[in-house]
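In case you want the letters, here they are:
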Amino acid sequence: MNLNSLVKIRKPRFFLPLRRSILSFFSYSLNSKSTEAASQLINPTVVHPAAIVHPNALIGEGVNIGPFCTVGSSAKLGNGCQLHPGSHVFGNTELGEHCVLMTGAVVGDNLAAGHTKIGDNNVIGHHAVVGVKCQDMKYKLGDECFLEIGNNNDIREYASVHLSSKSNDQTIIGNKNLIMGSCHIAHDCSIGNNNIFANGTLLAGHVVVEDYTHTAGGIVVHQFCHIGSFSFIGGGSVVTQDVPKYALVAGERAELRGLNLEGLRRNGFSATQIQVVNVRLS
């Protein structure tokens, strides 16, 4: 006789609800995690022990702060920012998402009141200085001064960009500008979009630069000058007057040399459009 037919082996039912409860617990624990906590696990913020970060600073997710960096009490760092070793964020300064500060870069100023606001995906190069007190004698200690920078700008090594000289003005840089090494953008300048400033381009105070301009190296622009869109300034030029749109200027005292033909072609102007521009400029 088969003993199994006589003895019914009962499964320990108390294990089944226990197993269900354990599975439910883990499922609940995983599903109940907030989006913020999950994001922190996936993209954690890393601060090197040798960095000095004020407890009042606002640090986003996925931020990487290297050794010997300083982040001040009023600083705000957006998600994904990277501070390479020895870079610093001072004063009332806000960095957007995915900004990169290379070694030695300084953004913001504890000495000057005001606000530096930098958008997303900007790179501040090695030992560049951005958002510090202006070099203008009319500046008064305690005045609120401002700098606003857009998105996707590349500000290279040893460049300097200053705050405005007074509270009712501001220094502005738009989007997608390449500002090469050792350039200077002084107080109250207004820079548009998609400009290329070659090494050693020096802009005095209150200069206005429109869009898609290109400067060669070692040029100087006098204060309050206006540089029109799609213009080109030749290397070593000293600009003391406004530069018209679409123009090419060059010289120790820059003079009009004609159309910026190559710049217009590179920016998609057709032969017919260039001819129309030439007629208007002449």
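These remarks concern the structure in this document. (Residues numbered from 1 in each chain as written. Predicted model: local features only at pLDDT ≥ 70, side-chain atom pairs only at ≥ 80, totals over all residues. Heavy atoms only, no water.)

### Examining the overall build of the chain
When helices and strands are counted, the chain shows five helices and 31 strands. On the chain, roughly 15500 Å² of surface is accessible, and the fraction owed to carbon and sulfur atoms is 55%. (Helix = DSSP H or I, 4+ residues; strand = E, 2+ residues; numbered from the N terminus. Areas by Shrake-Rupley, 256 points an atom, 1.4 Å probe, with all protein chains shown as cover.)

### What to know about the nonpolar core
With 48 residues, the main nonpolar core has Val130, Ile185 and Leu203 as its most contacted residues. It is strand β15 (residues 145-149) that contributes the most residues to this core, three residues altogether. If near-sequence neighbours (up to four positions away) are discounted, Ile185 is found in contact with Ser160, Val161, His162, Thr171, Ile173, Ile179, Ile191, Phe197 and Leu203. Among the nonpolar cores identified, the runner-up in size contains six residues, and Leu264, Phe269, Ile274 and Val277 belong to it. (Core = buried A, V, L, I, M, F, W, Y, C linked by side-chain atoms within 4.5 Å. Buried < 20%, exposed > 50% of the residue type's maximum accessible area, 1.4 Å probe, protein only. Contact = heavy atoms within 4.5 Å.)

### Overview of the environment of Gly114
Mapped onto the elements, Gly114 comes out in strand β12 (residues 114-118). Overall, Gly114 belongs to the buried group, its relative accessible area being 18%. With 56 residues separating them in the primary sequence, Gly114 and Gln170 have C-alpha atoms 9.9 Å apart. For Gly114, the residues in contact, after removing those within four places along its chain, are Asn92, Glu144 and Cys145.

### Quick notes on the sheet that holds β15
Backbone hydrogen bonds are what pair the strands of a sheet, in a parallel or an antiparallel way. Here we have nine strands laid out as an open sheet, ordered β3-β6-β9-β12-β15-β18-β21-β24-β27, and parallel in their pairing. Here the strands that pair on one side only, and so sit at the sheet edges, are β3 (58-59) and β27 (226-227). One ladder, built from three bridges, connects strand β9 (residues 93-95) with β12; its direction is parallel. Directly across from Glu94, in β12, lies its bridge partner Lys117. (Pairing = 2+ DSSP bridges.)

### Things to note about the packing of aromatic side chains
Scanning the model with the defined rule gives four aromatic pairs in all. Centroid distance Phe230 to Tyr246: 6.0 Å. Interplanar angle 15°. Geometry classified as stacked. With Phe230 in the loop between β27 and β28 (232-233) and Tyr246 in the loop between β29 (238-239) and β30 (247-250), this residue pair connects regions lying 16 residues apart in the sequence. According to the relative accessible area criterion, Phe230 is buried, its value standing at 16%. (Phe/Tyr/Trp six-rings, centres within 6.5 Å; stacked < 30°, edge-to-face > 60°.)

### Quick look at the sheet that holds strand β22 (residues 196-197)
Strand order in the open sheet made by the 12 strands is β1-β4-β7-β10-β13-β16-β19-β22-β25-β28-β30-β31, with mixed pairing throughout. Bordering the open sheet on either side are β1 (46-47) and β31 (255-259), each of which pairs with just one other strand. In the packing of helix α5 (residues 271-281) onto the sheet, contacts are made with β30 and β31, and the angle to β31 comes to roughly 150°. (Axes fitted to C-alpha atoms, helices over the stretch in contact; angles between N-to-C directions.)

### Thoughts on the state of the cysteines
Enumeration over the complete set of coordinates arrives at zero disulfides. Distance from the sulfur of Cys99, which forms no disulfide, to the nearest cysteine sulfur (Cys81) is 4.8 Å. Residue classification places Cys99 among the buried positions, given a relative accessible area of 1%. (Disulfide = S-S within 2.5 Å.)

### Here's the deal with the pattern of salt bridges
Any two side chains of opposite charge can pair, given that their charged atoms come close. Within the structure shown, the criterion is met by six salt bridges. When the shortest N-O distance is used, the salt bridge between Lys138 and Asp136 registers 2.5 Å. A relative accessible area of 39% means that Lys138 is categorised as partly exposed. A salt bridge links Glu210 to Lys245, with the nearest nitrogen and oxygen atoms 4.0 Å apart. (Salt bridge = Lys/Arg side-chain N within 4 Å of Asp/Glu carboxyl O.)

### Examining the pairing of strand β14 (residues 129-132)
As paired elements, strand β11 (residues 106-107) and β14 share two bridges and run parallel to each other. Within the sheet, the bridge partner assigned to Val106 lies in β14 and is Val129. In terms of strand pairing, β14 meets strand β17 (residues 160-162) through three bridges, oriented parallel. Paired with Val132 across the two strands is His162, which belongs to β17.

### Notes on the pairing of β30
Pairing of β28 with β30 involves two bridges; the strand directions are parallel. Across the sheet, the residue bridging to Phe232 is Leu248, located in β30. Here four bridges tie β30 to β31, and the two strands are oriented antiparallel to one another. Counted as the bridge partner of Leu248 is Gly258 from β31. Linking β30 to β31, which pair antiparallel, is a turn of four residues; within it Gly251 sits at a positive phi near 130°.

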